[in-house]
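Secondary and tertiary structure notes
Next come the chains, spelled out residue by residue.
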Amino acid sequence: MEKLKEGRIVKVSGPLVVAEGMAGAKMYDVVRVSEMNLIGEIIRLERDMASIQVYEETGGIGPGEPVYPTGAPLSVELGPGLIESIYDGIQRPLNLIRDAVGDNISRGVSLPALSREKRWKFTPLRKVGELVKGGDHLGEVEETSILLHKILLPPGMEGRIIEIKEGEFTVTDPIVRVETKEGIVEVPMMQIWPVRKLRPYREKLSPLIPLSTGQRVIDTFFPISKGGTACVPGPFGSGKTVVQHQLAKWSDADVIVYIGCGERGNEMTDVLMEFPQLKDPRSDEPLSKRTVLIANTSNMPVAAREASVYTGITIAEYFRDMGYSVAVMADSTSRWAEAMREISGRLEEMPGEEGYPAYLGARIAAFYERAGRVTCLGSDTKEGALSVIGAVSPPGGDLSDPVVQATLRVVKVFWSLEDRLAYRRHFPAISWLNSYSLYVENLEEYLKKEVAEDFPDLRGEAMRLLEGEAELEEIVRLVGIDSLSTSDRLILEVARSIREDFLHQNAFHDEDTYTSLKKQYRILKLILHFYERGKDGLKRGVPIQKIEEISVKGQIARAKYIPEDELEKFAEIEGEIDKEMGNLMAKG
Amino acid sequence: MQKEYRTIASIVGPLLFVEGVEGVKYGELVGVELPSGEKRRGQVLEVERDKALVQVFEGTTGIDIPETKIRFLAKGLELPLSMDLLGRVFSGLGEPKDGGPRILPERWADINGAPINPYARNYPNEFIQTGISAIDGLNTLVRGQKLPIFSGSGLPHNRLAAQIGRQAEVLGTGETFAVVFAAMGITFEEAQFFIEDFRRTGAIERAVLFINLAHEPTIERIATPRVAFTAAEYLAFAKGMHVLVIATDMTNYCEALREVAAARREIPGRRGYPGYLYTDLASIYERAGRLKGKKGSITFIPILTMPEDDKTHPIPDLTGYITEGQIILSRVLHRKKIYPPVDVLPSLSRLKDKGIGEGKTRDDHADLFNQLFAAYARGKEAQELAVILGEGALSEMDRIYFRFAEVFERRYVSQEEFENRSIEKTLDLGWELLALFPRSELKRVREVILDKYFENGVRKSKETA
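So, how was this worked out
- Residues numbered from 1 in each chain as written.
- Chains lettered and ligands numbered in written order.
- Predicted model: local features only at pLDDT ≥ 70, side-chain atom pairs only at ≥ 80, totals over all residues.
- Heavy atoms only, no water.
- Axes fitted to C-alpha atoms, helices over the stretch in contact; angles between N-to-C directions.
- Helix = DSSP H or I, 4+ residues; strand = E, 2+ residues; numbered from the N terminus.
- Parallel < 35°, antiparallel > 145°, perpendicular 65-115°, else oblique.
- Left-handed = near helix turned anticlockwise from the far one by under 90°.
- Contact = heavy atoms within 4.5 Å.
- Nonpolar A, V, L, I, M, F, W, Y, C, P; charged D, E, K, R; others polar.
- Pairing = 2+ DSSP bridges.
- Buried area = accessible area lost by both parts, 1.4 Å probe.
- Salt bridge = Lys/Arg side-chain N within 4 Å of Asp/Glu carboxyl O.
- Polar contact = N/O pair within 3.5 Å; in protein donor to acceptor, adjacent residues only side chain to side chain.
- Patch = residues over 30% accessible without salt bridge, like charges linked within 9 Å, V, L, I, M, F, W, Y side chains within 5 Å.
- Areas by Shrake-Rupley, 256 points an atom, 1.4 Å probe, with all protein chains shown as cover.
- Buried < 20%, exposed > 50% of the residue type's maximum accessible area, 1.4 Å probe, protein only.
- Expected span 1.5 Å × (residues − 1).
- Arc of directions from axis to C-beta.
- Core = buried A, V, L, I, M, F, W, Y, C linked by side-chain atoms within 4.5 Å.
- Disulfide = S-S within 2.5 Å.

Turning our eyes to something else, we now look at the packing of helix H10 (residues 365–389) of chain B against helix H12 (residues 423–434) of chain B. All names here are of chain B. Two elements in contact, H10 and H12, have axes whose closest approach is 11 Å; the angle formed by their N-to-C orientations is 45 degrees. In terms of axis orientation, H10 runs oblique to H12. The handedness of the crossing between H10 and H12 is left-handed. Side by side, H10 and H12 meet where His365, Leu368, Gln371 and Leu372 of the first sit next to Ile423, Leu427, Gly430, Trp431 and Leu434 of the second. Across the contact of H10 with H12, the residue classes tally to six nonpolar, three polar and no charged.

Let's shift gears to the sheet that holds strand S15 (residues 175–176) of chain B. Residue and element names in this part refer to chain B. Spatially, three strands are ordered S12-S14-S15 in an open sheet, and the strand pairing comes out antiparallel. One side of each edge strand has no neighbouring strand; the edge strands of this open sheet are strand S12 (128–129) and S15. Sheet analysis places S12 next to strand S14 (residues 169–170), joined by two bridges and oriented antiparallel. Note on S14: the bridge partner recorded for Gln129 is Glu169.

Here we take up the packing of helix H11 (residues 455–479) of chain A against helix H12 (residues 486–503) of chain A. All names here are of chain A. Between H11 and H12, the least distance of the axes is 9 Å, while the angle of their chain directions is 120 degrees. Accordingly, the angle class assigned to the pair H11 and H12 is oblique. Considering how the two elements wind past one another, H11 and H12 form a crossing that is left-handed. Within the contact between the two elements, H11 uses Ala462, Leu465, Leu466, Glu469, Leu472 and Val476 and H12 uses Asp488, Ile491, Leu492, Val494, Ala495, Arg496, Ile498, Arg499 and Leu503.

A few words now on the sheet that holds strand S9 (residues 120–124) of chain A. Residues and elements named next belong to chain A. The strand order across the open sheet formed by four strands is S12-S11-S9-S14, and the pairing between neighbours is antiparallel. Strands at the two margins of the open sheet, each flanked by one partner only, are strand S12 (147–152) and strand S14 (167–169). Within the sheet, the average angular offset between the axes of one strand and its neighbour, ignoring direction, is 40 degrees. Strand direction decides the pairing type here: S9 and strand S11 (residues 137–144), joined by three bridges, are antiparallel. When the bridges of S11 are listed, Phe122 appears paired with Val141.

Next up on the list: the side chain of A:Lys519. When you line up the elements, A:Lys519 lands in helix H13 (residues 517–539). With residues near it in sequence (within four places) discarded, A:Lys519 still touches A:Glu511, A:Ala559, A:Lys560, A:Tyr561, A:Ile562, A:Glu564, A:Leu567 and A:Phe570.

Right, let's get into the interface of chain A and chain B. Of the residues lining the interface, 69 residues belong to chain A; the matching set on chain B comes to 58 residues. Summing both sides of the interface, chain A and chain B together bury roughly 5800 Å²; the carbon and sulfur share of this comes to 53%. Applying the counting rule to chain A against chain B returns six salt bridges. Its salt-bridge partner being B:Lys25, residue A:Glu65 comes within 2.8 Å of it at the nearest N-O pair. At the boundary of chain A with chain B, the tally comes to 27 residue pairs in polar contact (both at pLDDT 80 or more).

What follows is about a nonpolar patch on the surface. All names here are of chain A. On the surface, a nonpolar cluster with roughly 300 Å² of combined accessible area is contributed by Ile475, Leu478 and Val479. Along the polypeptide, Ile475 turns up in helix H11. By relative accessible area, which is 38% here, Ile475 ends up partly exposed.

We now examine the pattern of salt bridges. Across all of its chains, the model carries 83 salt bridges over all chains by this definition. Salt bridges here are not isolated pairs; linked through shared partners, they connect A:Glu263, A:Arg264, A:Glu267, A:Arg335 and A:Glu338.

Residue A:Pro428 is reached from A:Phe427 by a cis peptide bond, and omega for that bond is -10 degrees. By the element assignment, A:Pro428 lies in the loop between helix H9 (419–423) and strand S26 (436–437).

As a further point, take the pairing of strand S22 (residues 325–331) of chain A. On a regular strand, each side chain points to the face opposite its neighbour's, so the side chains alternate between the two faces of the sheet. All names here are of chain A. Among the seven residues in S22, seven count as buried, and that is most of the element. Of the two faces of S22, the one carrying Ser325, Ala327, Met329 and Asp331 and the one carrying Val326, Val328 and Ala330 are both buried. Where strand S20 (residues 255–261) meets S22, six bridges bridge the pair, whose relative direction is parallel. By the bridge assignment for S22, Gly260 is matched with Asp331. The pairing of S22 with strand S24 (residues 383–392) spans six bridges and is classified as parallel. By the bridge assignment for S24, Met329 is matched with Ile389.

Before going further, it helps to spend a moment on helix H16 (residues 569–587) of chain A. Residue and element names in this part refer to chain A. Taking 1.5 Å of rise per residue, the 19 residues of H16 would be expected to cover 27 Å, and the 27 Å separating its terminal C-alpha atoms lies within 8% of that figure. Considered for burial, the residues of H16 that qualify are Phe570, Ile573, Glu574, Ile577, Glu580, Met581, Leu584 and Met585. End-on, the buried residues of H16 take up no more than an arc of 140 degrees, which puts them together on one face. What points out from H16, more than 90 degrees from its buried face, is the exposed set Glu572, Lys579, Ala586 and Lys587. Buried residues belonging to H16 abut H13, helix H14 (544–548) and helix H15 (552–557).

All names here are of chain A. Among the secondary structure elements, Met268 is positioned in helix H4 (residues 265–274). For Met268, a relative accessible area of 2% gives the class buried. Note: C-alpha distance between Met268 and Ile42 (226 residues apart in sequence) is 29 Å.

Residue and element names in this part refer to chain A. One finds Phe221, Ile389, Trp415 and Ile498 to be the most contacted residues of the largest nonpolar core, which totals 86 residues. In terms of residue count, the dominant contributor to this core is H13 (10 residues). Sequence-distant contacts of Phe221, defined by excluding residues within four places in its chain, comprise Arg216, Val440, Arg459, Ala462, Met463, Leu466, Ile498, Phe502 and Leu503. If you look at the next biggest cluster of nonpolar residues, it comprises 77 residues, including Val30, Val76, Met189 and Trp193.

Residues and elements named next belong to chain B. Residue placement: Asp98 occurs in the loop between strand S9 (88–91) and strand S10 (107–110). For Asp98, a relative accessible area of 32% puts it in the partly exposed group. Once the C-alpha coordinates of Asp98 and Glu259 are considered, the two residues, 161 residues apart in sequence, prove to be 29 Å apart. With near-sequence residues (within four places) excluded, Asp98 lies in contact with Gly87, Arg88 and Val89. Engagement of the side chain of Asp98 in a polar contact is seen with the side chain of Arg88, the distance being 2.9 Å. Within the structure, Asp98 has its side chain in polar contact with the backbone nitrogen of Gly100 (distance 3.1 Å).

The periodicity of an α-helix, 3.6 residues per turn, causes residues three or four positions apart to be oriented the same way. All names here are of chain B. Between its first and last C-alpha, H12 extends 17 Å over 12 residues, near the 16 Å set by a 1.5 Å rise per residue. Buried within H12 we find Ile423, Thr426, Leu427, Leu429, Gly430, Trp431, Glu432, Leu433 and Leu434. Contacts from the buried residues of H12 go to S12, helix H1 (133–136), H10, helix H11 (396–413) and helix H13 (447–464).

Residues and elements named next belong to chain A. Scanning the model with the defined rule gives zero disulfides over all chains in all. As a non-bridged cysteine, Cys261 has Cys231 as the owner of its nearest cysteine sulfur, 15 Å distant. For Cys261, a relative accessible area of 1% corresponds to the buried category.

Right, dumping it as structure tokens:
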């Protein structure tokens, strides 16, 4: 490759640098700015002038200083060592940066994302002489106790294995030699992939399996599928981040990529310190052993924030390509959109709505479209899934915000957080009236088969009761509770129970923080059992006040604290309902 | 020797456009010498080939085109650091304002700091006792947190902030906080209130004050919070002190930022504030926190007056997205003569869960505040209902909630300006008020906790009656 000529800075304006003498450079190529070696990316070319967004603070940089093109687009390193790492928006390892330069991030630090020294034990899965093509598993590395890292042949490559090694290697050591049409290629464990280019797969499939999250309002009422997309918009203080953390903790995905995009530093610290302590309910191993963290907090350079969501999703796609189910949490996509807006403003582009660039909707759609359940590349059939859950932080909680609107056009699940619920300390503050999930029908088959035949029906009935409650409340507000019929008062009582005993979930309570699908079904069934018996009671003339004051209510309220391995207790409470209601009926 | 230019091409608002310059860097500090000999300081906002755009902190009044001299100083704006900062009053740019000598610095530091590596942070989880029930009991503050006070014109936010500054202590150790105070565009009386209060209580000994008054140059305010944090970082992370940074009024800061953006003809975001307001505020707020392996901490309490008491205004809105909660003051409570008029329901401390419980405050704290909260919320609803339907329409239980909400505001939220309630007292008071309810109604509290504390509350409430 010919060496690209270095350019000269002519203008510096915040994170935007303009350089001349850049003929030959390509769009989205990475450059090094000034002798400090700051990392930047070309985002506009005009004759020999290049506009560059710089991923680091530009103070102290001025016209006349050099710009060095690298000739390559912004890329991430993919291979063993990703899990349990914490990276900034352009995949620089924050833990190593701290070791190198101290508590504050200084500029021009350049460290490889994957350790070049660490040796991984590589176990081959293929033999010499076999034909392989892009996406095939060449071998595996036990990266953590719960994650087998499959070593993939890079996409687009095809040929015959002429040598495959076994033993301990660094990520850059060649482990396989493949004879391709173009000649012999040495393949190391590490791949390099441009972040803005989606990683290929064979075909996309419809999402049919739920991503179980352990959160009752989500799994039962507004489920997301493996390979699905969801968004959580809400004003500040409504609990977006807690929802995101809960999903990162309890989702039954194999790998979690958590992108802290322009959010609080302390929140990332929380994840960093808490995840190693928390146990994955399925494997009983620390949650950190399946998690990759991208932290580009609000005080870190704005351009790197723009890149962070791409860095995160590319890493997620890589794990998907191994045949894993991966979930990406992006908190918050609004900060990403704001980063786009800031750069766009500096480029003096014509603004669209609220000053956001005209391509905002297209960028958001393209990002979410990288999710999906797919058949991976390779000669055998493997299935991988990539789910994306994006938080949106609309100004003032106003859902007409362009970022919310652009997001709602592409995502299939909408969890609407309301501060009204948060003030009442109803958490998660997901509105049961405004939220929706378009996966409900897709997932019905699975739930019927895996949980219980009548689960979808129970859900439907509970939903009707909640909607009924909203209508009745209007009436109560106008004319008082005494004007309601007894059956309506029973609906209010049961809806209250659904809200308080089912939808309300305490993220900080050891037992309540996670509920399996089976247990969710049992709680819901218990509440609706009470409803059925209550209706019987009313028919037999039991006064509504007696039903409202029935003492088994306390047990129903505490049913959510029943441990996962004692689900037989639900039958006992159901029996207790029958007994107490029977007594009332006998008296009545 | 730096080169001196007399090549100002134009002056717009607080900005100078200087031509024919060489070797100018982005963000560089600029010295401006007026024809009168007066010296001012500025900062490079943009540089393109031989043209530089400079914002002048002290304003452009009196600057002319032919005579004014410009020097580029090859460094950023810096603050001299030493322990002598304590007990002193400075201008918004860090110049002595109390007639005292200049600081003999141990070292100089750029006021912009560098972002804290999220990996280096330590999670804030140590309880700070402010002696104010509405904060300690319900919206607990922890060391390293950033908790703003959202207020409105005419509300007693300054008194509340001064009370926090005066009373804050790390429980158990008796350790007190050093206070770094940043005032932006406040009136002389307001500033005087703080200075007097700090003097009277002796808090001045461990305080550093940076004061930019309403009549002083607006652009200087852009530097003030950064100067304050530079001092705070030094005290906290170089000297191991626990620092409380109080900044008032952030609304004035944001307006100064808007003034510069408008002069630059930038495309405005919401309500004319620049699109990067979030990023800019974050670069200040996120300097608070704790670091692994460092003793000190920076806790940040910014005060902002919400225009028209509107929480969705861009300034409180963006602040709320960066800070870890908010204390909101209510005009309704203020009218009821309740001090501090903390609007409990929408106020929130996101970090309280990590700072309370056994070994930090007391084992009943979490259950208790959940219950107080739920009861007060229901009481408020009952009050609303009573307004429409009359008190008679309330159920027996709702009437108890109604009464609870009233007593809660009067006895729990309300306290004296110089009353320093210990956390035990705050918690016991909570139980005392909950004694209004039958025990079975307290569903948010675990049985073990009820067993331990409920009877005590009932006894206390009888004594009080």
